Amino acid sequence: DLGNASAADLAGLYNPVAAVVDLYLHVFAGAFGKEITVDAAPPLVAAIDQIWKWSNLTIEKQSLCRLAAMHGTVGLRIVAHDHADKAKRRVYIKPEHPKIIRDAELDDRGNVLAIQLEYDRTSGLADAATTTRIRETITKTDVRIETVKHGIATPREAYPNALGIVPYVLLRHAHIGETWGRNAFYKVREPLDRLNALMSHVDVQIHRHVRAKWLLAAAGAAPQAFDFGDLSLVYVDTRNSTGTPMAQPLIANLDLTGAIAQTRLQLESIED
């Protein structure tokens, strides 16, 4: 993407993305059920408060806010555990990394009509652990689980969806009317890469100035040895020319002041 500025040794010397993303951890200030409350009828408040507690949402809000700001979208799986004993029934919200979302079908209001997820499921401990690639397809009528190996999906289990809805929500950081939202730093991504390319190249040039290859021109055969430490040397015999002896490093003419000024200009643009 960087064109002529691309190189194998580019470094993320300046990266404000983490600070920007972490800023969104303050979207929900306080604990759910305490500082964060619902203005509704008491039975509804009690029900929602119970879901918040089962979801451990005061802790899980960190991954919820960070994933949305970082990737533009976060998956919210609504998990419903049925049980013959009503006291053991649970409904909770589980934030999920968007990388597991393989595909989604939405209606015109953004509700999920069907979704396909693909993730790794690990069982066992240490050396006895085994990892299986799982593909899960959820529709309003059923749930299908497949095992994926070498790109081939094999049916594993299927059962009716007793809820009658797809218990999954796509939460976008910045909704633009598409399946995937924009992250918190999409506007600055390209100039940020350009700045890091410039800073990396300046560092490389400074390094080359320190460890330069030297050109030495003088009349006579090359000496048997030069003690230049870790520096290398190119020798030119000038006996058949009128030039005077000279020694100079073989390096580009680096305008370090201009490069620093350009870096500061780009940095100010990014910060703005």
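Check the entry above for the structure.
Residues numbered from 1 in each chain as written. Predicted model: local features only at pLDDT ≥ 70, side-chain atom pairs only at ≥ 80, totals over all residues. Heavy atoms only, no water.

Pairing of side chains with opposite charge becomes possible as their charged atoms draw close. The tally for this structure, following the rule as stated, stands at 13 salt bridges. The partner of arginine 66 in a salt bridge is aspartate 22, with the nearest N and O atoms 3.2 Å apart. Highlighted residues: arginine 66 in helix 3 (residues 57–71) and aspartate 22 in helix 1 (residues 17–23), separated in sequence by 44 residues. Of the residues examined, arginine 66 reaches a relative accessible area of 33% and is grouped as partly exposed. The salt bridge involving glutamate 96 is made with lysine 94; its shortest N-O contact spans 3.7 Å. According to the relative accessible area criterion, lysine 94 is partly exposed, its value standing at 39%. (Salt bridge = Lys/Arg side-chain N within 4 Å of Asp/Glu carboxyl O. Helix = DSSP H or I, 4+ residues; strand = E, 2+ residues; numbered from the N terminus. Buried < 20%, exposed > 50% of the residue type's maximum accessible area, 1.4 Å probe, protein only.)

This paragraph deals with the sheet that holds strand 9 (residues 214–218). Taken in spatial order, the three strands make up an open sheet running 10-9-11, and their pairing is mixed. Both outer strands of the open sheet, strand 10 (233–237) and strand 11 (246–249), are each paired with one neighbouring strand and no more. Pairwise comparison of adjacent strand axes, ignoring direction, gives a mean angle of 15° for this sheet. (Pairing = 2+ DSSP bridges. Axes fitted to C-alpha atoms, helices over the stretch in contact; angles between N-to-C directions.)

Okay, the packing of aromatic side chains next. A full pass over the atoms with the stated rule returns two aromatic pairs. Centroid distance phenylalanine 28 to phenylalanine 32: 5.4 Å. Interplanar angle 50°. Geometry classified as tilted. With relative accessibility at 29%, the residue phenylalanine 28 sits in the partly exposed group. Here phenylalanine 32 and tryptophan 52 contribute two aromatic rings whose centre-to-centre distance is 5.0 Å and whose plane-to-plane angle is 70°, an arrangement assigned as edge-to-face. Taken as a pair, phenylalanine 32 in the loop between helix 1 and helix 2 (42–55) and tryptophan 52 in helix 2 lie far apart in primary sequence, 20 residues in all. Assessed through its relative accessible area of 13%, phenylalanine 32 is described here as buried. (Phe/Tyr/Trp six-rings, centres within 6.5 Å; stacked < 30°, edge-to-face > 60°.)

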